[in-house]
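Descriptive structure summary
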Amino acid sequence: MAPLITPTVCTGADVAPLSEELVAQWRTTGHILIDGLLPPDLIGAVEAYAADRFPAPGTRRAHEMRQFGSEVVFPAGNEALDQITLHPRLLAAAGQLLGRPVPELRLAQSTIWPKYGRVAEGITEDIYDNNEQRIHVDYPNHMLTHPTPWDRPEAIEVIVYYSDQRVCGGATAVVPRVGNEDLYPWPIVAAPGIGDMPWINDRATTEAYFAERDPETAAFRRRLYEHEIHTDFRPGTVLLYRHDVWHRGTPLKPGPTLRLAHNLVYRVAEAEWISTLHEGWSWAMYRPDQYLERLVGGAGLDQRAVLGFPAPGARYWCPATIEAVTARYGPYGFDPAPYRAALG
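A brief report on the enclosed structure follows.

Criteria and cut-off values
- Residues numbered from 1 in each chain as written.
- Predicted model: local features only at pLDDT ≥ 70, side-chain atom pairs only at ≥ 80, totals over all residues.
- Heavy atoms only, no water.
- Helix = DSSP H or I, 4+ residues; strand = E, 2+ residues; numbered from the N terminus.
- Buried < 20%, exposed > 50% of the residue type's maximum accessible area, 1.4 Å probe, protein only.
- Lys, Arg positive; Asp, Glu negative; His and termini not counted.
- Charge placed at Lys NZ, Arg CZ, Asp CG, Glu CD.
- Axes fitted to C-alpha atoms, helices over the stretch in contact; angles between N-to-C directions.
- Parallel < 35°, antiparallel > 145°, perpendicular 65-115°, else oblique.
- Left-handed = near helix turned anticlockwise from the far one by under 90°.
- Contact = heavy atoms within 4.5 Å.
- 1 Å grid on protein atoms, 1.4 Å probe; cavity = no way out; pocket = protein on both sides within 12 Å on 5 of 7 lines; lining within 4 Å.
- Points joined across faces, edges and corners; volume = space filled by probe spheres on them.
- Nonpolar A, V, L, I, M, F, W, Y, C, P; charged D, E, K, R; others polar.
- Pairing = 2+ DSSP bridges.

If you tally the helices and strands in the protein chain, you get twelve helices and ten strands. On the principal axes, the C-alpha backbone points of the protein chain span a range of 65 × 45 × 40 Å. Of all 344 residues assigned to the protein chain, the portion counted as buried reaches 53%. In the protein chain, 31 side chains carry a positive charge and 42 a negative one; their mean positions are 1 Å apart.

Running from amino to carboxyl end, helix α1 (residues 20-29) crosses helix α5 (residues 88-98) at an angle of 60°, the nearest separation of the two axes being 9 Å. If you check the angle between α1 and α5, you find them oblique. Note on packing geometry: the crossing formed by α1 with α5 is right-handed. Contacts from Val23, Trp26 and Arg27 of α1 reach α5 at Gln96, Leu97 and Leu98.

This structure, assessed with the given rule, holds three cavities of 30 Å³ or more. A volume near 90 Å³ is recorded for the largest cavity. Every residue lining the largest cavity is listed: Met143, Pro147, Thr148, Arg152, Pro153, Glu154, Ala155, Arg242, His243, Asp244 and Ile274. Among the residues forming the lining of the largest cavity, the class breakdown is five nonpolar, two polar and four charged. Size it by volume and the second largest cavity reaches roughly 60 Å³. Around the second largest cavity, the lining residues are Ala62, His63, Met65, Lys115, Tyr116, Arg118, Asn130 and Asn131. Mapped by element, the contributors of at least two residues to the lining of the second largest cavity are α3 (60-64) and β4 (105-116). Residue composition of the lining of the second largest cavity, grouped by class: three nonpolar, three polar and two charged.

So, on to the pairing of strand β10 (residues 258-268). Summarising burial for β10: ten of the eleven residues are buried, a large majority. Note: β4 against β10, eleven bridges, orientation antiparallel. Each bridged residue has a counterpart across the sheet, and for Tyr116 the counterpart in β10 is Leu258. For strand β5 (residues 155-161) and β10, the ladder comprises seven bridges, and the chain directions are antiparallel.

Below, the structure written as structure tokens:
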């Protein structure tokens, strides 16, 4: 049985929630698992929202939901879920790990999705099944390029767990880089969906593919599984990792079980080759409830900047643009004072 990663309680201030030790751990191993970063009331509110939003565990409809992610993406229209996406402590933690002030970060992904234990008969697993994933890195479907060298990270991935691993299973398996540097050769390509290898998600199919076509890579990948460690999460536990870290999703406990997870990505602003995985946030302004307008109007400066809204002092701002943007968002609480002050 793989060793468990137990969370470290995060007690730092809002402007720097992570200790120096946690930052150093992320930069060497490629991941940290923490508790206490996000408020329990928000976690509970998301759990309640998901109970109404997704199929109940044990139903056939739940069993048929085998895809990664869901249609629930930012801005979801649920206040608790969207507050977590832009929570100042989460943004500050991402800034600490990437060594950047929050206004220099951009949101690239925010989606919540349910994963269910297997109970129904008559549905077979296929090469795209996510019940037991193959070990992989995430960069192929997040960026147009290859990750930069290890000491120059450009993005951080986040999983916020809303379930209890003791009840549902489904731990995330991670291969730490420190102590396993030989498992991180450059470039990182020994996975399906990279180069001319087909995209396969299921572990058994993936490893059979490599065993038949590339025994050397198959042997390398067996070592990855031997060195993985598993997350031990509770509602509110947060895993912060990287696009170039070997990891995978493991099966849930059989039966009517549910693991609810929230996947997020923040990148540095200039890394435009890291794709935003959803429609542009402005598209949500077609909604008749004007939800996003209210969110932008009431957001903090850093929260707006993470969405791509120009920060005070950006070239975009001049007296005319300040007047125009205030006319658009003033009814929703927008304060132009910081933008005027930055003009000098």
